[in-house]
Amino acid sequence: MTAFLRLGSANAYDTALRNITERQSALANLQENLTAGKRVLRASDDPTAAAQAERAITRLERIKTDQRALDSQRNAISQAESTLGDVQDALQNFRELVVSAGNGSHTAQERKAIVGQLQGLRDQIFALSNRQDTNGMPLFSALGSALAPFVGPQGLPTDYTFAGQPGQVAGNEVSIPYALDGDRAFMHLPQRDGVYNVSLTNVAAPAHALTTSGVTMTNPTLVNGSAYAITITGVDTTSVPGTTTVTYDIAENPNVGGPYSGSASYPSTSPANFAVTAMPGLSVNIQGAPAVGDVLSIDPKVSVFSVLDDAIRDIGNAANSNAATQAVGQALHNVDIGMSQLASVRGQAGDLLNRADKISSNQDKRSIQVESDRSRAQDLDMVKGVSDFQNQQTGYQAALQSYAQVQKLSLFNFIS
C-alpha cells in the first residue's frame, strides 16, 4: 500500500508540473500575440494563414511599387502638358507679332524690329521642345530619342529633324506613358498636316499686287511631299472681251508625276481670285494681278520651327507691303495648323493624367481589399485575444495554487 501511495504522489506532482508548464507556455504565446497584434507570428502557428498573409503582403508591395512608378510618370506627363501650354502661349505671342508686322504703315526697319522679337520667341519654343523632366529625360521623346530630340536648323531640304522613334508609348492597367510623342507635336508630315509655305518671285518688271492663300489639302492620299514652282506663262485680256485668262506651268521637285499645267479665267474688271488645283492633292488660291514671269514657290515644311523660321525670314526680307502681306498670310495659316497640332497632343496629355487619377483610385481600392485579406489571415481579434489571455492567466494561477496544495500531501507531513 505504501508503494502505491508513493507512486500516486509522484504522478500527481509530474502532472501538476506539466500542466503548469503548458499553461505558462500558452500564456507566453498569448502575451506575444497581444503585443504584436497578430494571430500568426510564424508559419508554424497556421501554415495556411501564413501563406495567405505572405501573398497579400507581396501584392501590397507590388501595388506600392507600381504607385511610385505611376507618380513619377504622372509628374513627367504633367510637366510635358504644362510645357505644351508654354509653347502655345509663345506661339500665340508670335502670331500677334506677325499680325502686327502685316500693318501696311510699317516701314522695313520697323518690320526688322519685330523680327527680332519673333526670333526670341522661336528660340524659346525650340528650347521648350527639348525640355527634360526632373530625372533628366526628355519630355517629348516619343518611343525613345536622344537627350535633345529636336535638332536644327540644318541644311535644306530637311532643316529640322526628330532624333528618335516617332510614336506614343503604350500604357497598361497600372501605368501611363512617361513621355509624349514629340514628333506628332512639333514635326509635320505633308500627307497628314499639309503645311506648305508659298513665296513669290516676280521676274517681270515692277512689283505688283499678288498674294496667295495658304495651301490646303484636297485629297491627302495623293499628296507626295514634293515642292512645286508655279510659273505664270500667259495673261490674256483680249481673246475674250471682259475676261482675263491666266495660263501657268507647274514644275515638281522631286518629279513624281509632273510637270503640270493649267489655266483660269476671271472678270477683267476684278482682281484675280482663282484656285490652282493641278498639284496632286493640293490647292492654292491666287489673288491680285498676276503677270507673266511671276513664280510661286510652294515648299513643304517639316516642323513648327521651319514655319517660324520662314516667317522670320520672309517678313524680315519683305521689300514692300505686298511681300509683307504674303509673308504674314502664310505665317498665320501655318502657325494656326501648328497650334491645332499642339492642342491635340496637349489634349492627349490631359487624357493620360485623367487615366493616372483613375489608376490611383483603383490601386487604393485594391490596397484596401488586399490589406483586408492580410488582416483576416494574420491579425489578432483583440477582444478575443484579451479574453483568451485573461482566461489563460486565471487557469495558470489556479494551476499554481493547486500545485502548492498537492505539494503538501506528503507522508513526512504526518510523521512530523
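Fair warning: this is a prediction, and the values are worked out from it, not measured in the lab. (Residues numbered from 1 in each chain as written. Predicted model: local features only at pLDDT ≥ 70, side-chain atom pairs only at ≥ 80, totals over all residues. Heavy atoms only, no water.)

## A word on the overall build of the chain
Part 1 of the argument: A count of helical and extended segments in the chain gives 9 helices and 11 strands.
Part 2 of the argument: A buried classification covers 39% of the 416 residues belonging to the chain.
Part 3 of the argument: Restricting the contact set of the chain to residue pairs at least 6 apart, pairs at least 24 apart contribute 70%.
Part 4 of the argument: For the chain, the exposed surface amounts to about 21400 Å²; the carbon and sulfur share of it is 54%. (Helix = DSSP H or I, 4+ residues; strand = E, 2+ residues; numbered from the N terminus. Buried < 20%, exposed > 50% of the residue type's maximum accessible area, 1.4 Å probe, protein only. Contact = heavy atoms within 4.5 Å. Areas by Shrake-Rupley, 256 points an atom, 1.4 Å probe, with all protein chains shown as cover.)

## Thoughts on the packing of helix α2 (residues 47-101) against helix α6 (residues 304-316)
When two helices pack together, their arrangement is captured by the angle between the axes and the distance separating the axes.
Part 1 of the argument: It is at 12 Å that the axes of α2 and α6 come closest, and there the two elements cross at 25 degrees. Between α2 and α6, the crossing angle belongs to the class labelled roughly parallel. The handedness of the crossing between α2 and α6 is left-handed. Seen from α2, the contacting residues are Leu91, Phe94, Val98 and Ala101; seen from α6, they are Val304, Leu308, Ala311, Ile312 and Ile315.
Part 2 of the argument: Split by residue class, the contact of α2 with α6 holds 9 nonpolar, no polar and no charged. (Axes fitted to C-alpha atoms, helices over the stretch in contact; angles between N-to-C directions. Parallel < 35°, antiparallel > 145°, perpendicular 65-115°, else oblique. Left-handed = near helix turned anticlockwise from the far one by under 90°. Nonpolar A, V, L, I, M, F, W, Y, C, P; charged D, E, K, R; others polar.)

## Notes on the side chain of Gln341
Part 1 of the argument: Inspection of the secondary structure puts Gln341 in helix α7 (residues 321-378).
Part 2 of the argument: Sequence-distant contacts of Gln341, that is, excluding residues within four places in its chain, are made with Asp183, Arg184, Ala185, Phe186, Met187, His188, Arg192 and Asp193.

## Considerations on empty space enclosed by the protein
Part 1 of the argument: Enumeration according to the criterion identifies 1 cavity of 30 Å³ or more in this entry.
Part 2 of the argument: The computed volume of the largest cavity comes to approximately 50 Å³.
Part 3 of the argument: As for the largest cavity, its lining consists of Asn197, Lys301, Val307, Asp310, Ala311, Asp314, Ala327, Gln330, Ala331 and Asn334.
Part 4 of the argument: Within the lining of the largest cavity, the residues separate by chemical class into 4 nonpolar, 3 polar and 3 charged. (1 Å grid on protein atoms, 1.4 Å probe; cavity = no way out; pocket = protein on both sides within 12 Å on 5 of 7 lines; lining within 4 Å. Points joined across faces, edges and corners; volume = space filled by probe spheres on them.)

## Digging into the packing of aromatic side chains
Part 1 of the argument: Within this structure, the stated rule accounts for 9 aromatic pairs.
Part 2 of the argument: Ring centres 5.9 Å apart and planes at 55 degrees place the aromatic pair Phe126 and Tyr160 in the tilted group. Taken as a pair, Phe126 in helix α3 (residues 108-129) and Tyr160 in the loop between β1 (145-151) and β2 (161-164) lie far apart in primary sequence, 34 residues in all. Assigned by exposure class, Phe126 and Tyr160 land together as buried. (Phe/Tyr/Trp six-rings, centres within 6.5 Å; stacked < 30°, edge-to-face > 60°.)

## Let's talk about the pattern of salt bridges
Part 1 of the argument: Taken as a whole and judged by the stated rule, the model has 13 salt bridges.
Part 2 of the argument: The partner of Arg131 in a salt bridge is Asp86, with the nearest N and O atoms 3.6 Å apart. Residue Arg131 is located in the loop between α3 and β1, and its partner Asp86 is located in helix α2; the two are separated by 45 residues in the primary sequence.
Part 3 of the argument: By relative accessible area, Arg131 is classed as partly exposed at 30%.
Part 4 of the argument: Through salt bridges with shared partners, one network takes in Lys301, Asp310, Arg313 and Asp314. (Salt bridge = Lys/Arg side-chain N within 4 Å of Asp/Glu carboxyl O.)

## Overview of unusual backbone geometry
Part 1 of the argument: A cis amide bond links Gly152 with the next residue in sequence, Pro153, at an omega value of -5 degrees.
Part 2 of the argument: Structurally, Pro153 can be placed in the loop between β1 and β2.
Part 3 of the argument: The peptide bond linking Asn253 to Pro254 adopts the cis configuration, its omega dihedral lying at -5 degrees.
Part 4 of the argument: Tracing the backbone through its elements, the reader meets Pro254 in the loop between β7 (243-253) and β8 (260-267).
Part 5 of the argument: A positive phi angle, near 60 degrees, is found at Ala142, a position not held by glycine.
Part 6 of the argument: Mapped onto the elements of the fold, Ala142 is located in the loop between α3 and β1.

## Structural notes on the pairing of strand β6 (residues 227-236)
Side-chain direction in a regular strand flips from residue to residue, so the side chains alternate between the two faces of the sheet.
Part 1 of the argument: Examined bridge by bridge, β6 and β7 share 9 bridges and lie antiparallel to one another. Bridging across to β7, Tyr228 finds its partner in Glu252.
Part 2 of the argument: The loop that links β6 with its antiparallel partner β7 comprises 6 residues; one of these, Gly242, has a positive phi angle of about 80 degrees.
Part 3 of the argument: Note that β6 and strand β11 (residues 294-300) share 4 bridges and pair antiparallel. Looking across to β11, one finds that Ala229 is bridged to Ser297. (Pairing = 2+ DSSP bridges.)

## Topic: α3
Part 1 of the argument: For α3, built from 22 residues, the straight-helix expectation of 32 Å at 1.5 Å per residue is met to within 8% by its first-to-last C-alpha distance of 31 Å.
Part 2 of the argument: Taken residue by residue, α3 has Arg111, Ile114, Val115, Leu118, Leu121, Arg122, Ile125, Phe126, Leu128 and Ser129 as its buried positions. Relative to the axis of α3, the buried residues are bounded by an arc of 140 degrees and lie together on one face. (Expected span 1.5 Å × (residues − 1). Arc of directions from axis to C-beta.)

## A closer look at the packing of α2 against α3
Part 1 of the argument: For the pair α2 and α3, interaxial distance at closest approach is 10 Å and the crossing angle is 165 degrees. One element, α2, and the other, α3, form an angle in the roughly antiparallel class. α2 and α3 meet at a crossing whose hand is left-handed. Across from Thr83, Asp86, Val87, Ala90, Leu91, Asn93, Phe94, Leu97, Val98, Ser100 and Ala101 in α2, the residues of α3 making contact are Arg111, Ile114, Gln117, Leu118, Leu121, Gln124, Ile125 and Leu128.
Part 2 of the argument: For the contact of α2 with α3, the residue count by class is 12 nonpolar, 5 polar and 2 charged.

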